[in-house]
Amino acid sequence: TDVSVDLPGREYLVRIGPGALEACRPELRRLTAKPSAIVADEAVLAQHEDALRKVLPELPLITVPSGEATKSWQSYADVSEKLLEAGVERGGSVVAFGGGVTGDLAGFCAATLRRGCRLVMLPTTLLSQVDSSVGGKTAINTASGKNLVGAFHQPSLVAIDTSFLSTLPKRELLAGYAEVIKYGALGDPQFLSWLGERGDAVLALEPAALTEAIAVSCRAKAAIVTEDETERGRRALLNLGHTFGHAIEAEGQYDGRILHGEGVAIGMVMAARFSEREGHLSPGEAERFEALVARSGLPTRLADVPDIPADPGRLLLHMRQDKKVDSGAMTLILLKRLGEAFVAKDQDEARILDFLGEEAQLP
Ligand code: NAD
Ligand code: ZN
């Protein structure tokens, strides 16, 4: 399945399915004709080097350790130096092979190497296949927080080979699935009910269902990004569940106790419950949504992540610090119905705090 991202003058192809990497051979040959290099996650390489080398046998290979700590100033400097030593030119490509960490780091290197060279994404986690590899956001983390230094830099090609997901730990797969549900919840009621029926098949990695779920997700993201590349308006809808979710992640100190997607799953259900409490969603809708999320095996309540302290006051502080909060007024992404989100500006903090208190009491 092919999806195209139609940014004016910078259109690119997203090819999805089992064997998508091989199917991109001609495109890859063209994009790596000038000196290019691969940046690969060490753990992914250990499992899939043969598949990668079959398609890109000769490119210099730069490996990076697995894990969020790799999105650092240090790796940015190291990888950039190695890309220059490998002779990567502006007309050549940086090829990212791994999950969102590798894509974000390699993408930021590509954005600044020789003032910008080409970027090819070969995402290997479900999260990176449905979210981070499309859209052009790249970043590293700093002492002040996550993703605070980066650039918008669109890839030239995204090859989403679903066969790589066979080795992905189940917990990581589910975390990526939370973002799939997000696309349904924010703008596609039909997709949401499709997931109700076919979600199990997607999570069982049935090729047709999996390819369909990723294609719908990428199309949704591409449509929003095309409309609003640099997040001034509609792109904010992609943050559904993320303000609550980031607060929970921050309570877990970003140490692996909770994965981003798990925070997003709880955050989306909280956004639904808050929407219902504020009268935007009709009674019972939040519960229906929670059932769909819970069925996949994702957490939906603070009580589902017992090793994370969920102090309402501190959660609110984290929400305030979230970068989506501007000029003191809290903006949330809320639901009008299951399948339609909206930007809710100037949310009253006292009401949010009451709500967080209720959430912390849920069994
Ligand atoms: P990740 O890259 O850390 O991958 C998760 C784990 O899975 C790692 O341990 C990795 O080694 C392993 N792994 C990857 N592919 C595998 C495979 N096929 N088989 C076995 N193991 C595999 O994490 P992620 O969830 O892919 O991405 C999270 C990152 O993405 C965060 O840093 C987040 O900020 C970023 N992100 C960026 C955007 C964006 O728009 N740029 C969007 C969402 C998230
Ligand atoms: Zn996310």
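Further up the page is the structure itself.
Residues numbered from 1 in each chain as written. Chains lettered and ligands numbered in written order. Predicted model: local features only at pLDDT ≥ 70, side-chain atom pairs only at ≥ 80, totals over all residues. Heavy atoms only, no water.

Visitor: Would you explain the nonpolar core in this entry?
Guide: Nonpolar side chains in soluble globular proteins generally cluster together in the buried interior. Core analysis: the biggest nonpolar cluster contains 97 residues, and Val14, Leu83, Tyr177, Ile181, Ile214, Phe244 and Phe289 have the highest contact counts within it. Counting contributing residues, this core receives three or more from each of domain 1 (2-167) and domain 2 (171-361). When sequence neighbours within four positions are dropped, the list of residues in contact with Phe289 reads Ile181, Ala185, Leu192, Met268, Val269, Ala272 and Leu338. Grouped together as the second largest cluster of nonpolar side chains are 20 residues, Leu13, Ile38, Leu45 and Val95 included. (Core = buried A, V, L, I, M, F, W, Y, C linked by side-chain atoms within 4.5 Å. Buried < 20%, exposed > 50% of the residue type's maximum accessible area, 1.4 Å probe, protein only. Domains from an automatic or database assignment. Contact = heavy atoms within 4.5 Å.)

Visitor: For this particular structure, what's the right way to read the coordination of the zinc ion (ligand 2)?
Guide: Where a metal carries four tetrahedral donors, each ideal angle is 109.5 degrees; where it carries six octahedral donors, the ideal angles are 90 or 180 degrees. For the zinc ion (ligand 2), the full set of protein donor atoms is Glu179 (OE), His242 (NE2) and His260 (NE2), at a range of 2.0 to 2.1 Å. Mapped onto the sequence, the donors of the zinc ion (ligand 2) take the spacing E-x62-H-x17-H. You can see Glu179 sitting in helix α7 (residues 170-187) and its partner His242 sitting in helix α10 (residues 242-251), a full 63 residues away along the chain. Residue classification places Glu179 among the buried positions, given a relative accessible area of 0%. The class for His242 is buried, based on a relative accessible area of 6%. (Donors = N, O, S within 2.8 Å, 3.2 Å for Na, K, Ca; no water. Helix = DSSP H or I, 4+ residues; strand = E, 2+ residues; numbered from the N terminus.)

Visitor: Quick question: what am I supposed to make of the site of ligand 1 here?
Guide: Surrounding ligand 1, one finds 26 residues, the nearest of these being Glu68, Gly100, Thr124, Thr125 and Thr167. A distance of 2.8 Å separates a nitrogen atom of ligand 1 from a polar atom in the side chain of Thr124. In this structure, Lys137 approaches ligand 1 through a main-chain N or O atom, which is 2.9 Å from a nitrogen atom. Examining the composition of the shell around ligand 1, we find that four residues originate from one element, helix α3 (residues 42-55), more than from any other. (Near = heavy atom within 4 Å. Polar contact = N/O pair within 3.5 Å; in protein donor to acceptor, adjacent residues only side chain to side chain.)

Visitor: Looking at this structure, I do not really get helix α14 (residues 349-361). What am I missing?
Guide: With 13 residues, α14 extends 19 Å between its outermost C-alpha atoms, agreeing within 8% with the 18 Å of an ideal straight helix rising 1.5 Å per residue. Along α14, the residues classified as buried are Glu349, Ile352, Phe355, Leu356 and Glu359. Axial view of α14: buried residues confined to an arc of 115 degrees, hence all on one face. Along its buried surface, α14 packs onto α10, α11 (260-277), α13 (312-321), β10 (330-337) and β11 (340-347). (Expected span 1.5 Å × (residues − 1). Arc of directions from axis to C-beta.)

Visitor: What should I look at first to understand the pattern of salt bridges in this one?
Guide: Side-chain pairs of opposite charge can arise whenever the charged atoms involved come near each other. Summed over the entire model, instances satisfying the criterion amount to 22 salt bridges. For Glu349, the salt bridge goes to Arg320, with nearest N and O atoms at 2.7 Å. Note that Glu349 is positioned in helix α14 and Arg320 in helix α13, a separation of 29 residues in sequence. Because the salt bridges share partners, they merge into one network encompassing Glu68, Lys71, Asp104 and Lys146. (Salt bridge = Lys/Arg side-chain N within 4 Å of Asp/Glu carboxyl O.)

Visitor: Mind showing me how you'd approach the environment of Leu316 here?
Guide: Of note, Leu316 is situated in helix α13. For Leu316, a relative accessible area of 7% gives the class buried. Between the C-alpha atom of Leu316 and that of Thr230, which follows or precedes it by 86 residues, the distance is 26 Å. The contact partners of Leu316, leaving out residues within four places of it in the chain, are Met330, Glu349, Ile352, Leu353 and Leu356.

That's the geometry; what it means functionally is another story.
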